[in-house]
Amino acid sequence: MGVDYHNILKVNRNATDDDLKKAYRRLAMKWHPDKNPATKKEAEAKFKEISEAYEAYKYLIISFTWEIVALTFVLSDPQKREIYDQCGEEGLKDAPPSGGGGFPFGNGSGGGSNGFNPRKAEDIFAEIFGSSPFGFGSTGPGKSMRFQSDGGLFGGFSSSDTPFRTFSEGTAPRKPPPVESKLPCSLEELYTGSTRKMKISRTVVDAHGRQVQETEILTIDVKPGWKKGTKITFPDKGNERQNQLPADLVFIIDEKPQTTYKRDGNDLTINHKVTLAEALGGTTVNLTTLDSRNLSIPVHDIVSPGYELVVAMEGMPIAKEPGNWGDLRIKFEVKFPTRLAPEQRAGLKRVLGG
């Protein structure tokens, strides 16, 4: 048994021309090689198979219509009709032309006698979509070389008078702007990375041109070090509408507030209070990091108001520099006593030399 074009295009045997076009649009957009860079070889084979199946259907329509045109042309000419009645189509192929020119059999027909010769998949795609949204094209919007000729493809008939005009002569389908949605992430997630599963519901156009609801689970791998405003794009995952390309779906990273740490670019900052005694006599800062490690940081310097201690490589991971981190900046606040006993004042003066 030959190739089952019905199964390839996912249509039944009573499919109309519109059904075929809708099925081709849906499958061609899904399997176009430019949309599947990770599996390009498989996509190219599938894209070519889909295009050949669609072209085979169109060929059958064209061949049938051509036979009607040819028979009308023959029967309207007395000489050709006599030859046709006596010898059939084979006799016409060998007969000399009469008066008004040749007839649509033999080498000039472009019809059934030459057999099925499918076009390039890219030409079919450009013809259906007007011009390719992926950057390639034929000889003009909605045009294929197979449908162009200076004198008309069908001899005495101009292309505008035949049923074989291109099926899409407009501009390329419009692509709506991206659909954007925030993706809130904790600072811990942005420090360690995480995997998020997002369930989406969208409108799609089925093979019969009807709009139906479809649900899908999208996986987002949040990379360590991503910042607020980072965009993750899922091409063509927005709603579909008739005569337009589906929109892209874009998730935008949003950063949730964190009680202990604040982010400043690739650095982390934290506010830490010390007593006057600790500020003058030294202290140790104990912290729990965003990945749950315990840090003990000794402070030997005298802590003056506005003092900041920098701990290298304890900030946020740098997404574009794997293995590298920003810094942790500890900002100190000195708590001064509200009251001192007379002997305390005297003691401080003696020690500080005031």
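Draft legend 1. Examining the overall build of the chain more closely. Within the chain one finds eight helices and eleven strands. Evaluated residue by residue, the chain yields a buried proportion of 39% over its 354 residues. Of the roughly 21000 Å² of accessible surface on the chain, 51% is carried by carbon and sulfur atoms.

Draft legend 2. The nonpolar core, seen in detail. Core analysis: the largest hydrophobic core is formed by 36 residues, its most contacted members being F251, I297, L328, I330 and F332. Among the elements that make up this core, the one with the highest residue count is strand 11 (residues 328–335) (four residues). Non-local contacts of F332, meaning those with residues more than four positions away in its chain, are made with H272, V274, V285, V299, V303, G306, Y307 and L309. Core analysis: the next-biggest nonpolar cluster, separate from the first, contains 14 residues, I8, V11, W31 and F47 among them.

Draft legend 3. Region of interest: the pattern of salt bridges. Tallied over the full model, the rule gives 15 salt bridges. Among the salt bridges present, the one from D248 reaches K175, with a minimum N-O distance of 3.2 Å. Taken together, the residues D248 in the loop between strand 4 (231–234) and strand 5 (249–255) and K175 in the loop between helix 5 (121–129) and strand 1 (179–185) connect sequence positions 73 residues apart. Residue K175 is classed as partly exposed on the basis of its relative accessible area of 35%. A salt bridge links R329 to E308; the shortest N-O distance between them is 3.1 Å. Note that R329 is positioned in strand 11 and E308 in strand 10 (residues 308–311), a separation of 21 residues in sequence.

Draft legend 4. Structural view of the sheet that holds strand 5. Spatially, the three strands line up as an open sheet ordered 1-5-4, and their pairing is mixed. Where the open sheet ends on each side, the last strands, each with one partner, are strand 1 and strand 4. Recorded for the sheet is a direction-independent mean angle of 25° between the axes of neighbouring strands. The pairing of strand 4 with strand 5 spans four bridges and is antiparallel. Pairing of K231 across the sheet is with I252, part of strand 5.

Draft legend 5. Summary view of unusual backbone geometry. Even without a glycine there, the phi angle at D236 is positive, about 60°. Residue class for D236 comes out buried when judged on its relative accessible area of 9%. Even without a glycine there, the phi angle at M313 is positive, about 65°. Tracing the sequence through the fold places M313 in the loop between strand 10 and strand 11.

Draft legend 6. Highlighting helix 8 (residues 342–352). Buried residues are scarce in helix 8, accounting for one of its eleven residues. Just downstream of helix 8 lies G353, where phi reads positive at about 75°.

Draft legend 7. Region of interest: the side chain of D206. Within the secondary structure layout, D206 lies in the loop between strand 2 (194–205) and strand 3 (211–222). Assessed through its relative accessible area of 17%, D206 is described here as buried. Sequence-distant contacts of D206, that is, excluding residues within four places in its chain, are made with R26 and V212.

Draft legend 8. Up close: the pairing of strand 11. Sheet topology note: the strand 7 (residues 267–275)/strand 11 ladder contains eight bridges and is parallel. Across the sheet, L268 pairs through a bridge with L328, a residue of strand 11. Alignment of strand 10 against strand 11, held across four bridges, turns out to be antiparallel. The partner of L309 across the bridge, within strand 11, is I330.

Analysis parameters
- Residues numbered from 1 in each chain as written.
- Predicted model: local features only at pLDDT ≥ 70, side-chain atom pairs only at ≥ 80, totals over all residues.
- Heavy atoms only, no water.
- Helix = DSSP H or I, 4+ residues; strand = E, 2+ residues; numbered from the N terminus.
- Buried < 20%, exposed > 50% of the residue type's maximum accessible area, 1.4 Å probe, protein only.
- Areas by Shrake-Rupley, 256 points an atom, 1.4 Å probe, with all protein chains shown as cover.
- Core = buried A, V, L, I, M, F, W, Y, C linked by side-chain atoms within 4.5 Å.
- Contact = heavy atoms within 4.5 Å.
- Salt bridge = Lys/Arg side-chain N within 4 Å of Asp/Glu carboxyl O.
- Pairing = 2+ DSSP bridges.
- Axes fitted to C-alpha atoms, helices over the stretch in contact; angles between N-to-C directions.

Spatial relationships are all this shows, so hold off on functional conclusions.
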